[in-house]
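Fold and contact review
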Amino acid sequence: MWRMRVVHATGYAYKSPVTASFNEARLTPRSDSRQNVILNRVETAPATRSYRYVDYWGTAVTAFDLHAPHTELEVTASSVVETDRPEKPKAKISWEDLEGEAVIDKYDEMLAPTHYVPASKRIERVGRRIAKYHEPTEAVIEAARWVAAELKYVPGTTGVHTSGVDALREGRGVCQDFAHLTLMVLRGMGIPSRYVSGYLHPKRNAKLGDTVDGQSHAWIQAWTGEWWHYDPTNDKEINEQYISVGVGRDYADVTPLKGIYSGEGSTDLDVVVEITRLA
């Protein structure tokens, strides 16, 4: 078991004063069988009124608004989380089960195409080829491996609006793209699957107390009789180094920070993530 502190700071600088802004932050780690959130707070400068709720997908949201003119806004989320290695998926399900009405009905939203995870005949053919030789649980790993062979990890080559198809066309991308393209393959095979946002501590042998530049990360969960995690970017199941935050159909459901503001001019954005292993 690991205990980590994560500080995720996002700064906006506006070219002219903004008279009002309304924002939603999805920066609170999940509490579940693998994770225990000991502390979490989301603070803003200037100070704002905020309230919390849990969205449709089960992600904790901090909503806040600011009605005084401002040229800068900083949002800082601080969390202390205990993480464990998830149990290996035990449930086994057949392709026939996945094709059954009960599964298709229950997991319809995790099978349907979205803007970032569109339907594709080419990807469906890839899925059929994988499914021909592998059971569903093995097929998830094979799908991720196919994506790893198709995409080269190159930071900065894609943006937050890039879909899985765009990344495939470019042949490169970041963790968001690896996750979206893997979801395309899985949903094309009929495996319910969802997008996970969170953090990854980059050092397996991290010293206690050392603060490192962390990173926001994305991976997937697949349902093959039960939900389980897989990281297509690193081609492995997740371990204690991973902190889950949001879950949804794709990136749009788990955007860390989004909002609207009243004013003119574009914004500069600065994001810093620091992770410290405490235990």
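Structural data are supplied above this passage.
Not measured: the values here are computed from a predicted model. (Residues numbered from 1 in each chain as written. Predicted model: local features only at pLDDT ≥ 70, side-chain atom pairs only at ≥ 80, totals over all residues. Heavy atoms only, no water.)

1. Brief notes about the packing of helix H3 (residues 121-133) against helix H4 (residues 136-150)
Packed helices, taken two at a time, are described by their axes: the angle between them and the distance between them. The criterion, for reference: Note on method: axes are straight lines fitted to C-alpha atoms, helices fitted across the in-contact stretch only, with angles between N-to-C directions ranging 0 to 180 degrees. Think of it this way: any DSSP run of H or I at least four residues long counts as a helix, any run of E at least two long counts as a strand, and we number them from the N terminus. What sets the label is the angle itself: under 35 degrees gives roughly parallel, over 145 gives roughly antiparallel, 65 to 115 gives roughly perpendicular, and the rest give oblique. By the definition used in this description, the sense in which the near helix is turned from the far one sets the handedness, with an anticlockwise turn below a right angle giving left-handed and a clockwise turn giving right-handed. Pairs of residues are marked as contacts when any of their non-hydrogen atoms sit within 4.5 Å. Classification used: nonpolar for Ala, Val, Leu, Ile, Met, Phe, Trp, Tyr, Cys and Pro, charged for Asp, Glu, Lys and Arg, polar for all others including Gly.
One can describe the packing of H3 onto H4 by two numbers: an axis separation of 10 Å at closest approach and a directional angle of 130 degrees. Relative to H4, H3 is oriented oblique. Handedness of the crossing formed by H3 with H4: right-handed. Of the residues in H4, those in contact with Arg-122, Ile-123, Val-126, Arg-129 and Ile-130 of H3 are Ala-139, Glu-142, Ala-143, Trp-146 and Glu-150. Of the residues belonging to the contact of H3 with H4, the class tally is six nonpolar, no polar and four charged.

2. Considerations on unusual backbone geometry
Most peptide bonds take the trans configuration, and most residues that are not glycine carry a negative phi. Residue Pro-46 follows Ala-45 across a cis peptide bond; omega there is 0 degrees. Mapped onto the fold, Pro-46 is located in the loop between strand S3 (35-45) and strand S4 (49-54). At Asp-235, a residue that is not glycine, the phi angle is positive and equals roughly 50 degrees. One can find Asp-235 in the loop between strand S12 (227-230) and strand S13 (242-248).

3. Comments concerning the pairing of S12
A regular strand places its side chains so that they alternate between the two faces of the sheet. To be explicit about the condition: In this scheme, strands are said to pair when DSSP sees at least two bridges between them.
With four bridges connecting them, strand S11 (residues 215-223) and S12 associate as antiparallel partners. Along S12, the bridge assignment pairs Ala-222 with Trp-228. Connecting the antiparallel pair S11 and S12 is a turn made up of three residues, with Gly-225 showing a positive phi of about 105 degrees.

4. What about the environment of Pro-192?
For clarity, the cut-off: Burial status follows relative accessibility: with a 1.4 Å probe on protein chains alone, a residue under 20% of its type maximum counts as buried, one over 50% as exposed, and anything between as partly exposed.
With respect to the helices and strands, Pro-192 occurs in the loop between helix H6 (175-189) and strand S9 (193-200). Pro-192 sits in the buried class, given a relative accessible area of 0%. Distance in space between the C-alpha atoms of Pro-192 and Val-271 is 32 Å, their sequence separation being 79 residues. Aside from chain neighbours lying at most four places away, what touches Pro-192 is Leu-98, Val-103, Tyr-107, Met-110, Leu-111, Gln-221, Ala-222, Trp-223 and Trp-227.

5. Thoughts on the sheet that holds strand S2 (residues 20-25)
Taking strand neighbours across the sheet as the criterion, the four strands line up as S4-S5-S2-S14 in an open arrangement whose pairing is antiparallel. Two strands lie at the open edges of the sheet, namely S4 and strand S14 (257-262), each paired on one side alone. Between one strand axis and the next, the sheet turns by 15 degrees as a mean value, whatever way the strands run. For S2 and S14, the ladder comprises six bridges, and the chain directions are antiparallel. Across the sheet, the residue bridging to Ala-25 is Leu-257, located in S14.

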